[in-house]
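# Coordinates in review
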Amino acid sequence: MSFVKRTREDILCSIVDVVHQQGFRATGLKELLAASQASAGSVYNYFGSKDELGHALIDYQWKNIRDKVILPAIAAHNEPIEQLFAVLDAIEKQHLTEPNCAGCLLGNLIVDLAGADDAFREHLMAVFDEWQGIFTRLLEQGKQRLKTGVVPEQLAELVFTLMEGTLLMSRLYDQKDQRNRLKRGFRYIRQILKDACLDC
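Given the structure is predicted, the values throughout are model-derived calculations rather than measurements. (Residues numbered from 1 in each chain as written. Predicted model: local features only at pLDDT ≥ 70, side-chain atom pairs only at ≥ 80, totals over all residues. Heavy atoms only, no water.)

What follows concerns the overall build of the protein. The helix and strand inventory of the protein stands at 9 helices and 0 strands. Walking the protein from its N terminus toward its C terminus, one meets helices and strands in the order α-α-α-α-α-α-α-α-α. Scaling as 2.2 N^0.38, a compact globule of 200 residues should have a C-alpha radius of gyration of about 16 Å, and the protein matches this with 18 Å. If one aligns the C-alpha atoms of the protein with their principal axes, the spans along those axes are about 60 × 35 × 35 Å. As displayed, the protein has an accessible area near 10,400 Å², and 52% of this comes from carbon and sulfur atoms. Each charge class in the protein was averaged separately, 24 positive and 27 negative side chains, and the resulting centres sit 6 Å apart. (Helix = DSSP H or I, 4+ residues; strand = E, 2+ residues; numbered from the N terminus. Rg over C-alpha atoms; globule rule 2.2 N^0.38 Å. Areas by Shrake-Rupley, 256 points an atom, 1.4 Å probe, with all protein chains shown as cover. Lys, Arg positive; Asp, Glu negative; His and termini not counted. Charge placed at Lys NZ, Arg CZ, Asp CG, Glu CD.)

Pasting the structure below:
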């Protein structure tokens, strides 16, 4: 195999799909090197170990979701509750357009890594706390539109958990059923949000 000069981001971008489909622990270093088309020396120049590569991949994937999916959806609307609906729409669209939906990569890594390694568990907790915190912030900002008794933080946790559960469960089914389950799941999540609002 001929190797090409790769940047740190090139390497991370090139291994996302194989890790998404196979899992990080199940993917050997040789497979990661083949996917990246980088030499072992180049990879170890950026990452001191496979675990360090895994932590970098978590940050890379979260940055992509936040900067390319969540923040643009928020920027397209002025009202916080509508911003949250737009974020859900964008996440659903992203997964529906994947040729073979393998769920949320970060969610998959919870199963793959968190139970066996405290450092990965804490890292993933920090990422998911930040992500759920965005949902909480939007609901707090739109609190005047929520029904009496609705607690933004609790509603954000419910919406976030249902979203991740929908993405995880879709992995079990063939492509047609994946799409149907994704659509049903996100429709149900939107309905929960509408039911919590005074005027949605």
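If you walk through the whole model with that rule in mind, you get 10 salt bridges. A salt bridge links R25 to D51; the shortest N-O distance between them is 3.1 Å. With R25 in the loop between α1 (8–22) and α2 (29–36) and D51 in helix α4 (residues 50–75), the pair connects residues that are 26 residues apart, well separated along the chain. Here R25 falls in the partly exposed class, since its relative accessible area comes to 36%. Judged by its relative accessible area of 28%, D51 falls in the partly exposed class. Across the pair R145 and D199 runs a salt bridge whose closest N-O atoms are separated by 2.9 Å. With R145 in the loop between α7 (118–141) and α8 (152–169) and D199 in the segment after α9 (175–196), this residue pair connects regions lying 54 residues apart in the sequence. For R145, a relative accessible area of 12% corresponds to the buried category. Counted as one network, the salt bridges with shared partners bring together K63, R66, D67 and E130. (Salt bridge = Lys/Arg side-chain N within 4 Å of Asp/Glu carboxyl O. Buried < 20%, exposed > 50% of the residue type's maximum accessible area, 1.4 Å probe, protein only.)

Let us look at α8. Taking 1.5 Å as the rise per residue, α8 with 18 residues should run 26 Å; its terminal C-alpha atoms sit 26 Å apart, in good agreement. Within α8 the residues assigned to the buried category are P152, L155, A156, V159, F160, M163, E164, T166 and L167. In a view along the axis of α8, the buried residues occupy a sector of 160 degrees, so they form one face of it. What points out from α8, more than 90 degrees from its buried face, is the exposed set E153 and Q154. On its buried side, α8 packs onto α5 (80–96), α6 (105–114), α7 and α9. (Expected span 1.5 Å × (residues − 1). Arc of directions from axis to C-beta. Contact = heavy atoms within 4.5 Å.)

Further remarks concern the nonpolar core. Residues L106, L109, W131, F135 and M163 are the most contacted members of the largest nonpolar core, which totals 60 residues. Contributions of two or more residues to this core are made by α1, α2, α4, α5, α6, α7, α8 and α9. If near-sequence neighbours (up to four positions away) are discounted, L109 is found in contact with V19, F24, I58, A114 and L124. (Core = buried A, V, L, I, M, F, W, Y, C linked by side-chain atoms within 4.5 Å.)

The backbone of Q37 shows a phi angle near 55 degrees, a positive value even though the residue is not glycine. Note that Q37 resides in the loop between α2 and α3 (40–46). On the accessibility criterion, Q37 (40% relative accessible area) is partly exposed.

Summary statistics for the protein give a mean pLDDT of 90 and a share of 96% for residues scoring 70 or more. α3 is the least confidently modelled element of the protein, averaging 84 in pLDDT, while α7 averages 97, the highest of any element. (pLDDT = per-residue confidence, 0-100.)

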